[in-house]
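Here is how the chains run, residue by residue.
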Amino acid sequence: MPLYPEIEPYDHGMLDVGDGNRVYWETSGNPHGKPAVVLHGGPGSGCTPYSRRLFDPAAYRIVLLDQRGCGRSTPRASAYDTDMSVNTTAHLIADLELLRAHLRIERWLVWGASWGSVLGLRYAQTHPAAVSELVLTLVATGADAEHVLLTRGLGRIFPEAFERFLAELPADDRDGNLAAAYNRLLESPDPSVRERAARAWTDWETAIIPAPPRSVERFEDPEFRMGFARTVTHYWGNDCFFGEGNDEGVVLRDAPLLKDIPGTLVQGSLDFGNLLGTVWRLHHAWPGSELIVVDEVGHDTRAPGVADALVAATDKYAVTRRRPARRASSAGC
């Protein structure tokens, strides 16, 4: 199913969410349409125009935002003096509620990818009355086991890259929580230490996509690279701020709380997160959820099969069925 055409926002702003933070938001599509909010990944990636194309602009009021510390939100995590103690899952959930009130939205569809699926699930579990449906892809739950897999666990699959990844850490830190160890380097007062750590972290991220080292364009931007690495390690190194008992996942434990919320899960069969069976277990613990597995696809929202399934899901949940006369192909997006 093709993507919808590119569109531009009809409104945008900076929302004061407290703690010195201002969150960028934008709205596009139909001002009177069904509200939908897009939660980007990372944490720390920022929103992109691509997400707008997964929604019928005649049917949806599409809300995008840059979560605290990233994209156009301020202050940015890339700045050493930015206080990361006020950037936690609880803060991001509170920001969503402030934004929903600011936009005078009663309920909205919540769309999330990767980290955005973690945030979307926890938001729905804590504010179920605010969520009409969930559409999630590249699904994760924020469990500690997932972070261990994506760092130490994948070292067996990518041993050469993993050796380089470990080499940047002090010897005493190589046996513990690798995200937390990197975060300590990224909080160093020495800018050269921070820069080496950010580069090493993003090199590991590209190695496990997999892609040749340093081939991801956004990681070549020093400011993005620093903010992204600092934010990811801040969250992963602190169990996504879910507290004790998150080894197997607080979100997965509380999946039955989603029983009254319809949802669609779209997952590539080659996504490394599948090695833990996370999405399968979530689907079976969430009454009424739908699981769509796309063959021979990894962790990629732009893969044609994944994009097609995401458009089909938002179409299914749309209040209206009006569409533009033509839609562009999803190939190559």
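Placed above this text is the structure.
A brief report on the enclosed structure follows. (Residues numbered from 1 in each chain as written. Predicted model: local features only at pLDDT ≥ 70, side-chain atom pairs only at ≥ 80, totals over all residues. Heavy atoms only, no water.)

Some remarks on helix α6 (residues 191–207)
Logical step 1: For α6, with 17 residues, the first-to-last C-alpha span of 24 Å sits near the 24 Å given by 1.5 Å per residue.
Logical step 2: Counting buried residues along α6, 13 of its 17 residues qualify, which places the element largely inside the surrounding structure. (Helix = DSSP H or I, 4+ residues; strand = E, 2+ residues; numbered from the N terminus. Expected span 1.5 Å × (residues − 1). Buried < 20%, exposed > 50% of the residue type's maximum accessible area, 1.4 Å probe, protein only.)

Notes on the layout of surface pockets
Logical step 1: In this model, the largest pocket occupies a volume close to 1300 Å³.
Logical step 2: If you trace the largest pocket, you find 47 residues lining it, with G42, S114, L138, R218 and H299 closest to the centre.
Logical step 3: Elements with a minimum of two residues in the lining of the largest pocket: β5 (108–113), α2 (115–126), α3 (144–150), α6 and α7 (222–236).
Logical step 4: Counting residues per element, the lining of the largest pocket draws most heavily on α3, at 4 residues.
Logical step 5: Of the residues that constitute the lining of the largest pocket, the class distribution is 24 nonpolar, 17 polar and 6 charged.
Logical step 6: The space that makes up the second largest pocket amounts to roughly 290 Å³.
Logical step 7: Lining the second largest pocket are 21 residues, with S45, C70, G71, R72 and F224 sitting closest to its centre.
Logical step 8: Considered class by class, the residues forming the lining of the second largest pocket number 7 nonpolar, 8 polar and 6 charged. (1 Å grid on protein atoms, 1.4 Å probe; cavity = no way out; pocket = protein on both sides within 12 Å on 5 of 7 lines; lining within 4 Å. Points joined across faces, edges and corners; volume = space filled by probe spheres on them. Nonpolar A, V, L, I, M, F, W, Y, C, P; charged D, E, K, R; others polar.)

Points about the side chain of D95
Logical step 1: Inspection of the secondary structure assignment puts D95 in helix α1 (residues 89–102).
Logical step 2: With relative accessibility at 4%, the residue D95 sits in the buried group.
Logical step 3: In this structure D95 touches V17, V23 and R68, once residues within four positions along its chain are discounted. (Contact = heavy atoms within 4.5 Å.)

With respect to the packing of α6 against α7
Logical step 1: Closest axis-to-axis distance for the α6/α7 pair is 9 Å, and the angle between their directions is 75°. Comparing the axis directions of α6 and α7 gives the class roughly perpendicular. Taken together, the residues of α7 that come into contact with α6 (itself represented by R194, E195, A198, R199, W201, T202 and E205) are R225, M226, F228, A229, V232, T233 and W236.
Logical step 2: Residues that form the contact of α6 with α7 fall into these classes: 7 nonpolar, 2 polar and 5 charged. (Axes fitted to C-alpha atoms, helices over the stretch in contact; angles between N-to-C directions. Parallel < 35°, antiparallel > 145°, perpendicular 65-115°, else oblique.)

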